[in-house]
Amino acid sequence: MTIEVRLNMKEGFVKRNLNARVANSSFCYLCALLFLICCCVCQAVSAQQSNKKTNQSPAEDATRANEQEVVARLFGVVNDLKNESDKSSAALLLSEIADVLWRVDEPAARSMFRMAFDNALQSTTNNLSELNAADKEERRRQARRQAAAIKTILKRYGSHDRRSAEAWLQEFQDDIKSEQTKTNNLQMSPEQAEFLAEMAVTLVPQKPEEAQRLGLLSLSAQKIPSAYGRLLMALRDRNKTLSDVLFRQAFISLRLSGFNYDSALVVLTNYAFSSHGQPFPDVSPADVALVIQYFIDAASAQAARWQGGGAGKSDDQTFVASLYSFLNYRALPLVALNAPDRLTLLQSHVGALAQVLTVDQRRQAEAFAAIARQSHSLDGGDSDLESRIQHAEREKNAATRDFLFRNLVIQMMRTDPKQALSMASKIDDQQMRAQTEDEVLLVLLQKAFAGRVYDEARSLALKFNDRNSQARWLTRIASKVVSSSRDQTEAPDLLSQAYSIASKSDNTAAKLEVLLLIAKEFVGFDRDRGFEILSDALSTANKIEKTSPKIDKLSMPVMRVISVTMVDGQEVVGNERATMESIDFNQIGAFVDRDFARTSLLGDNLKVRLLRTKYLIGVARRVLRVPRQGSGYERSIDDILSN
């Protein structure tokens, strides 16, 4: 219920009471007498309140006025968000506003949470049959965003009213089942499958049986949802009996889809087997046989399909190349170890698949197998490392050689970062070399922070290939030297250097983020300079163009190697990049403390409505003393990697 509705209700209530009293003429004189008495009393009370008000400090009056202003402005943006085309982002902002306003107006906050939940449920058409592969993948990406938004909204609402949040989730599940029943559609849409799998992951800790049920339901889609792997592994840790059922059902789904390649194959194999191919102790012989039989049947079915001329589209050939690559690097060694009597049969089918691939696709598959074998050979001594280095140097394909060197660098950078940094220089691809070198520098920076050797940390920060990374770490160093150095000019000098570097970079979300960090640190030393840089940051935000994510078409299948380093108490993902969605303006609290009006007005200059709303929420959090924390604001590794 909005404030306007409530005021109208109160006004109507007062009018009805006054009309009733006036209509009763027998009490007119008495009412007049009472009115005079009340006037006298009101004057006395008013005088007392006036005296109390004069006793309050101007700071308290200003704080109360600021609180009233931000609350009114938050209510004002709600209707704008309802009409936002980006439903997922708007729903998340609505839920955050509700979270901020909960202590101020709980009934209104509940209504906002419901509005956010309903907005997140709004999806585009589910008909994917007429879309090409790129559009289908984009539609699935949007479905994952919606599922993540619903999950986040329920987390935020659940922190205030867990029972109601669970009821909403149940309502959502019932709606999906009802829709399937009405349409007699046994196959779920990819969007719905993504929703259910994401919801199932959330339920694993408290309701593993319900999580399994949703997971099984999500497997009725044409494609296994991307969240299935996380669900399977989380459920395995909680209740393996339940996860085994989900594991076996996935193979049935893959068979029903015609043995098409699915990335879930990697998860299913890792569920039952170690990286060296041995089955885990808690995996039954029947499940081992199930996996091996699927490998043989999939290779046989796809080879027969292609040899019989039943396929030919470029998208289909990409999938069969992926299947061939997986069977070549993972399935063949696994079958050789666990069912050697069936190896020849699988090899014959895999060989038949190889005949329908291009020369480049076969070379890519062999290179991928080499990278996989290198990743799994982690134990060994210096001689083993030397042999792997020599193997990488002998590789003729440049792309494969780069991946082999990068993989070696990631493996050894924590034990010998200096040698790893030297090896990174062997990578020919400029972008991959720069990224790999920066990941090694993070390890060295971690040690410098731990030892409080800030001069060395400053030197390392300037070696980063990415300008925004240079500026970010110089800013972090500046915040550390404030308390540890007697030289009060060192921190401002570091911040000035960071700003000079960041200002020369392209207008991206990463630049915006680092400028906000620099401004936050600067305002503690120089208020005017801090506000000046904040204004520059907001100007940068207005210059960032919204473009579709660039998809790099590499010459071989990508085996993504992720490194996470703890630097100064914070987890840093080596190849993480800031996005406009990750910007939360949590840095502006320091500005609100110093000049609320100026900070608030600066936010009005933001052109993009969603960003402007985020900024307003940042201001409101500081004024109302509601920190941005809790499970509804934690970013998982999956959130980071999806950017």
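Conventions adopted
- Residues numbered from 1 in each chain as written.
- Predicted model: local features only at pLDDT ≥ 70, side-chain atom pairs only at ≥ 80, totals over all residues.
- Heavy atoms only, no water.
- Helix = DSSP H or I, 4+ residues; strand = E, 2+ residues; numbered from the N terminus.
- Contact = heavy atoms within 4.5 Å.
- Expected span 1.5 Å × (residues − 1).
- Buried < 20%, exposed > 50% of the residue type's maximum accessible area, 1.4 Å probe, protein only.
- Phe/Tyr/Trp six-rings, centres within 6.5 Å; stacked < 30°, edge-to-face > 60°.
- Axes fitted to C-alpha atoms, helices over the stretch in contact; angles between N-to-C directions.
- Parallel < 35°, antiparallel > 145°, perpendicular 65-115°, else oblique.
- Left-handed = near helix turned anticlockwise from the far one by under 90°.

Visitor: What am I meant to see in the environment of Met233 here?
Guide: Structurally, Met233 is set in helix H10 (residues 228–238). Contacts of Met233, omitting those with residues within four sequence positions, involve Val267, Asn270 and Tyr271.

Visitor: I keep staring at helix H18 (residues 398–412) and nothing clicks. Help me out?
Guide: The periodicity of an α-helix, 3.6 residues per turn, causes residues three or four places apart in sequence to face the same way. For H18, which comprises 15 residues, the first-to-last C-alpha distance of 21 Å matches the rise-based estimate of 21 Å (1.5 Å per residue) to within 8%. Within H18, 12 of the 15 residues are buried, which leaves it mostly tucked inside the rest of the structure. For H18, every residue scored as buried is listed here: Thr400, Arg401, Asp402, Phe403, Leu404, Phe405, Arg406, Asn407, Leu408, Val409, Ile410 and Met412.

Visitor: Would you explain the packing of aromatic side chains in this entry?
Guide: To describe a pair of aromatic rings, one takes the distance between the centres and the angle between the planes. Under the criterion given, the structure shown has 16 aromatic pairs. Centre to centre, the rings of Phe259 and Tyr294 are 5.4 Å apart; their planes meet at 35°, and the pair counts as tilted. With a gap of 35 residues between them, Phe259 in the loop between helix H11 (240–256) and helix H12 (264–272) and Tyr294 in helix H13 (residues 285–307) connect regions that are remote in the sequence. According to the relative accessible area criterion, Tyr294 is buried, its value standing at 1%.

Visitor: I keep staring at helix H22 (residues 467–484) and nothing clicks. Help me out?
Guide: Compared with the 26 Å implied by 1.5 Å per residue over 18 residues, the 26 Å span of H22 between its first and last C-alpha is a close match. Regarding H22, the residues found buried are Asn468, Ser469, Gln470, Ala471, Arg472, Trp473, Leu474, Thr475, Arg476, Ile477, Ala478 and Val481.

Visitor: Whenever I open this one, the side chain of Gln587 confuses me. Can you help?
Guide: Relative to the helices and strands, Gln587 is located in the loop between strand S2 (570–573) and helix H26 (589–594). You can call Gln587 buried: its relative accessible area is 11%. Those residues in contact with Gln587 that sit more than four places away from it in its chain are Leu516, Leu517 and Lys520.

Visitor: Where do I start with the packing of helix H20 (residues 430–450) against helix H21 (residues 454–461) in this structure?
Guide: Two quantities define a packed helix pair, namely the angle between the axes and the distance from one axis to the other. Contact pair H20 / H21: the axes reach a minimum separation of 8 Å and the direction vectors enclose 165°. In terms of orientation, H20 lies roughly antiparallel with respect to H21. For the crossing formed where H20 meets H21, the hand is left-handed. Of the residues in H21, those touching H20 at Leu441, Leu444, Leu445, Ala448 and Phe449 are Tyr454, Ala457 and Leu460.

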